Amino acid sequence: MKATADAGAIKAGYNLVRLPYEIKILFEEWLRLNFPDRANKVLNHIRQCRDGKLNDPQFGSRMTGQGPYADLIAQRFALAV
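Notes on the structure follow. (Residues numbered from 1 in each chain as written. Predicted model: local features only at pLDDT ≥ 70, side-chain atom pairs only at ≥ 80, totals over all residues. Heavy atoms only, no water.)

### Some points on the packing of aromatic side chains
Evaluated as defined, the whole model comprises 3 aromatic pairs. A ring pair is formed by Trp30 and Phe35, whose centres lie 5.6 Å apart and whose planes are at 65°; its orientation type is edge-to-face. Residue classification places Phe35 among the partly exposed residues on the basis of a relative accessible area of 29%. (Phe/Tyr/Trp six-rings, centres within 6.5 Å; stacked < 30°, edge-to-face > 60°. Buried < 20%, exposed > 50% of the residue type's maximum accessible area, 1.4 Å probe, protein only.)

So this is what it looks like as structure tokens:
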């Protein structure tokens, strides 16, 4: 964050990964091919933030997720800012 501020950034934000439609299939295939030892952990973290799914289309929660893991990400972002 400091480097981006030093470069002139005046705002920062984050989006929790969203995997709609065929993107979730492509992402899961890529993840299992490139990081087979971590694939299940990553997918489960996403599902924890998305009510058991890999995507949440609802306005208000689709960008940040819900639940304890999503809250932890928000807290870490706030501390970094």
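### Some words on unusual backbone geometry
Despite not being glycine, Tyr21 has its phi angle at roughly 45°, a positive value. Topologically, Tyr21 is positioned in helix α2 (residues 21-34). Among the residues examined, Tyr21 registers a relative accessible area of 69% and is labelled exposed. Non-glycine residue Asp51 carries a positive phi angle of around 55°. (Helix = DSSP H or I, 4+ residues; strand = E, 2+ residues; numbered from the N terminus.)

### Considering the pattern of salt bridges
According to the stated counting rule, one finds 3 salt bridges in the structure shown. The partner of Arg32 in a salt bridge is Glu28, with the nearest N and O atoms 3.1 Å apart. With Arg32 and Glu28 both in helix α2, this residue pair falls 4 residues apart, about one helical turn. The exposure class assigned to Arg32 is partly exposed, which follows from its relative accessible area of 35%. For Glu28, a relative accessible area of 23% corresponds to the partly exposed category. Note that Asp37 is salt-bridged to Arg38, the shortest N-O span being 3.7 Å. The class of Asp37 is exposed, set by a relative accessible area of 62%. (Salt bridge = Lys/Arg side-chain N within 4 Å of Asp/Glu carboxyl O.)

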